Amino acid sequence: PVQQLWFVDLTPPKVHVIQRPPKKSADPTAKFVIDCSEPYFFSYRVNGGRWFGEDSTQVRNAETAFILKSLKEGKYSLELKVRDGVGNARLVDPIDWIVDTGPPETKLVHQPEPHSKSRRPRFILQCSERDCTYEFRLDRGGWTKAHSKHAAAIAHFEYDRSQRIFVDSSVA
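Just so it is clear, the model here is predicted, and its values are computed rather than measured.

There is a patch of nonpolar side chains on the surface, built from Trp-6, Val-8 and Leu-10 and spanning about 420 Å² of accessible area. Its place among the elements puts Val-8 in the segment before β1 (15-19). Given a relative accessible area of 63%, Val-8 falls into the exposed group.

Structure below.
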């Protein structure tokens, strides 16, 4: 008698993302490492653009690393699609991260008059990015954190002579 043995596979492969960039990075290069529960093909796209690797015939049997280079400052979302040998596909949850390569722009939007009797001047700082932290110092003194993690911060302090204020900001 003639026998034929076959398997029915209706289950998408299990995908493991082993390495991804941090949620916020100053590095314009993002490295990803993926692995799968069975031999697989993979494709990806960034920020809803065109898919890369859709036509690949290279079967992968182990961890696969790939790198996105020369990323500009901004928000990114990577979508991965993995399929097994019979075409069962799994779309991995998007991997989101931000590339932030430079310091935020900081403005002094309110300050006291150059000549004032007030010993408690008020300065209001504004930052070009979300989640900025601020530090200030008077003359050559030590840096002090302004207590705010918003797009604007208020710095209060006392002094009894003419002093200069220096401001530095960063993104948390």
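In this model, the second largest pocket occupies a volume close to 230 Å³. Forming the walls of the second largest pocket are Lys-24, Glu-73, Gly-74, Lys-75, Ile-98, Val-99, Asp-100, Glu-129, Arg-130 and Asp-131. Counting residues per element, the ones that place at least two in the lining of the second largest pocket are β6 (74-83) and β7 (89-99). Residue composition of the lining of the second largest pocket, by class: 2 nonpolar, 1 polar and 7 charged.

This part takes up the sheet that holds strand β5 (residues 64-68). One open sheet holds the 3 strands; their spatial order is β1-β3-β5, and the pairing between them is antiparallel. The open sheet has two edge strands, β1 and β5, and neither has a second partner. With direction set aside, neighbouring strand axes in the sheet form an average angle of 30 degrees. Relative to strand β3 (residues 30-36), β1 is paired through 4 bridges, and the arrangement is antiparallel. When the bridges of β3 are listed, Val-17 appears paired with Ile-34.

A word on the side chain of Ser-43. Among the structural elements, Ser-43 can be located in strand β4 (residues 41-46). The contact partners of Ser-43, leaving out residues within four places of it in the chain, are Trp-51, Phe-52, Gly-53, Glu-54, Glu-79, Leu-80 and Lys-81.

Attention now goes to the packing of aromatic side chains. In the structure shown here, the tally under the stated rule is 7 aromatic pairs. Relative to Phe-66, the ring of Phe-32 has its centre 5.3 Å away and its plane inclined at 20 degrees; by these criteria the two rings are stacked. You can see Phe-32 sitting in strand β3 and its partner Phe-66 sitting in strand β5, a full 34 residues away along the chain. Judged by relative accessible area, which is 0%, Phe-32 ranks as buried. Residue classification places Phe-66 among the buried positions, given a relative accessible area of 9%. Ring geometry for Tyr-44 against Phe-66: centres 4.9 Å apart, planes inclined by 25 degrees, an arrangement best described as stacked.

Thresholds applied
Residues numbered from 1 in each chain as written. Predicted model: local features only at pLDDT ≥ 70, side-chain atom pairs only at ≥ 80, totals over all residues. Heavy atoms only, no water. Patch = residues over 30% accessible without salt bridge, like charges linked within 9 Å, V, L, I, M, F, W, Y side chains within 5 Å. Areas by Shrake-Rupley, 256 points an atom, 1.4 Å probe, with all protein chains shown as cover. Salt bridge = Lys/Arg side-chain N within 4 Å of Asp/Glu carboxyl O. Helix = DSSP H or I, 4+ residues; strand = E, 2+ residues; numbered from the N terminus. Buried < 20%, exposed > 50% of the residue type's maximum accessible area, 1.4 Å probe, protein only. 1 Å grid on protein atoms, 1.4 Å probe; cavity = no way out; pocket = protein on both sides within 12 Å on 5 of 7 lines; lining within 4 Å. Points joined across faces, edges and corners; volume = space filled by probe spheres on them. Nonpolar A, V, L, I, M, F, W, Y, C, P; charged D, E, K, R; others polar. Pairing = 2+ DSSP bridges. Axes fitted to C-alpha atoms, helices over the stretch in contact; angles between N-to-C directions. Contact = heavy atoms within 4.5 Å. Phe/Tyr/Trp six-rings, centres within 6.5 Å; stacked < 30°, edge-to-face > 60°.

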